[in-house]
Amino acid sequence: MARFLITLPGRADGGRGARPAFPDSVTDLRQAFGPFDHLAQVGRAAEIAGFHGALAPFDPEGDESLVVAAGLLRQSRRLRTVAGFHPGIATPVYAAKVSASLQRFSGDRLDWRLAVDLDPAVARAQGDFLEGPDRYARAEEFLTVAKGVWSEEDYTYEGRFYQVLAGGFQSPLAGRAFPRVHLSGTSKEALELSARHADVHVFDPEDDIEAVSPPGVAYGLRLPVLARDDDDEAWEAARRLWTRGGRTAESLPDPDPRTRLWRGFRPSGSPGALPGASLRNGLVGSFETVAAGIRDYIDRGVGVFFLEATPYIEETYRLGERLLPLLTKEGVRVR
């Protein structure tokens, strides 16, 4: 059964809520449209349009994903929310406690997406100076401790990075489902970590999934998409997207003839992405063309899709109304 989640903005747009300047004698009682309103509308669109869930990505310069996830879980009834975060944000005990509370409040609809391998400059700006394999060693301990205090009442752990003495959750935090763990990366350390701890290993579109897939976990895919009624309309929209960044229409790249991927999407909530980061691969075309591309990945074993499309509210409705039904018609169970 394939599951489809929409990717939320890492930096929600509250600009439409800017208040006009009134003289002091005038009181404006209207509520402004703020960033949370924007996120709430994207989440509502995802729920109405039939998405299984939403990813609140880790964005070093954006909103805190666990806060975003909490808001979405509160205002939705069935939407699963995946919170992307860096293991260095807190101790695993505290991260587990926050998550156990969110599971209690939401009926176990919270999942985790750990961003382990950050760009060094981004990591240092977050107060994290670990490098190389140590990042994965810490993530290993982080997940081990988080799962330990979650499931054992008298849990003790002594590691390189974390220590716990006689910890563990009791009522009311005990007994909830541990968040599904999403990990990524194609290095030896990343794949070994996923094999031991992940429920889903998330790939990028250009990754050689068959060659590097860790055993025993589901496969996920981050996939930017731009879909319209026909291919010509989609490529016209892609051209506008390309030139919006100051590039010329003549430099618009062609899709890869073998994979049908177009390398023209900007990073959106990419873990550790810096300004000016390289462009990303995704699918462009009619709804039928994009559905066929997704079907190819499903045939290769991918079962979880994190779709990325902007503008967020409009595209979430568009994909839910036009793309997901096509996949259902092709025999892919969306729910």
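The structure this text deals with has already been given above.
Residues numbered from 1 in each chain as written. Predicted model: local features only at pLDDT ≥ 70, side-chain atom pairs only at ≥ 80, totals over all residues. Heavy atoms only, no water.

A. Quick peek at empty space enclosed by the protein. If you walk through the whole model with that rule in mind, you get two cavities of 30 Å³ or more. Looking at the second largest cavity, its volume works out to about 50 Å³. The wall of the second largest cavity is formed by Leu118, Pro120, Ala123, Arg124, Asp128, Phe129, Leu130, Glu131 and Arg135. Sorting elements by how many residues they give to the lining of the second largest cavity places helix H4 (residues 120–125) first, with three residues. (1 Å grid on protein atoms, 1.4 Å probe; cavity = no way out; pocket = protein on both sides within 12 Å on 5 of 7 lines; lining within 4 Å. Points joined across faces, edges and corners; volume = space filled by probe spheres on them. Helix = DSSP H or I, 4+ residues; strand = E, 2+ residues; numbered from the N terminus.)

B. The arrangement of the pattern of salt bridges in detail. The tally for this structure, following the rule as stated, stands at 20 salt bridges. With a shortest N-O distance of 3.1 Å, Asp108 and Arg176 are connected by a salt bridge. Residue Asp108 is found in the loop between helix H3 (92–106) and strand E4 (110–114), and its partner Arg176 is found in the loop between strand E6 (163–167) and strand E7 (181–184); the two are separated by 68 residues along the sequence. For the salt bridge of Glu192 with Lys188, the shortest nitrogen-to-oxygen distance reads 2.9 Å. Of this pair, Glu192 and Lys188 are both found in helix H6 (residues 188–197), four residues apart, which corresponds to roughly one turn of the helix. The exposure class of Lys188 is exposed, given its relative accessible area of 59%. Connected via shared salt-bridge partners are Asp204, Arg222, Arg280 and Glu308. (Salt bridge = Lys/Arg side-chain N within 4 Å of Asp/Glu carboxyl O. Buried < 20%, exposed > 50% of the residue type's maximum accessible area, 1.4 Å probe, protein only.)

C. Spotlight on the packing of aromatic side chains. A full pass over the atoms with the stated rule returns 13 aromatic pairs. Ring geometry for Phe85 versus Trp112: centroids 5.2 Å apart, planes at 85°, classification edge-to-face. A residue pair is termed long-range when its members are at least 10 positions apart, and Phe85 in strand E3 (residues 80–85) and Trp112 in strand E4 qualify at 27 residues. Aromatic pair Trp150 and Phe169: ring centres 6.1 Å apart, planes at 55°, arrangement tilted. (Phe/Tyr/Trp six-rings, centres within 6.5 Å; stacked < 30°, edge-to-face > 60°.)

D. Here's a closer look at the pairing of strand E10 (residues 261–265). The buried count for E10 comes to four of five residues, which makes it a mostly enclosed element. The pairing of E10 with strand E11 (residues 280–286) spans four bridges and is antiparallel. Counted as the bridge partner of Phe265 is Arg280 from E11. (Pairing = 2+ DSSP bridges.)

Coordinates in, geometry out; function isn't part of it.
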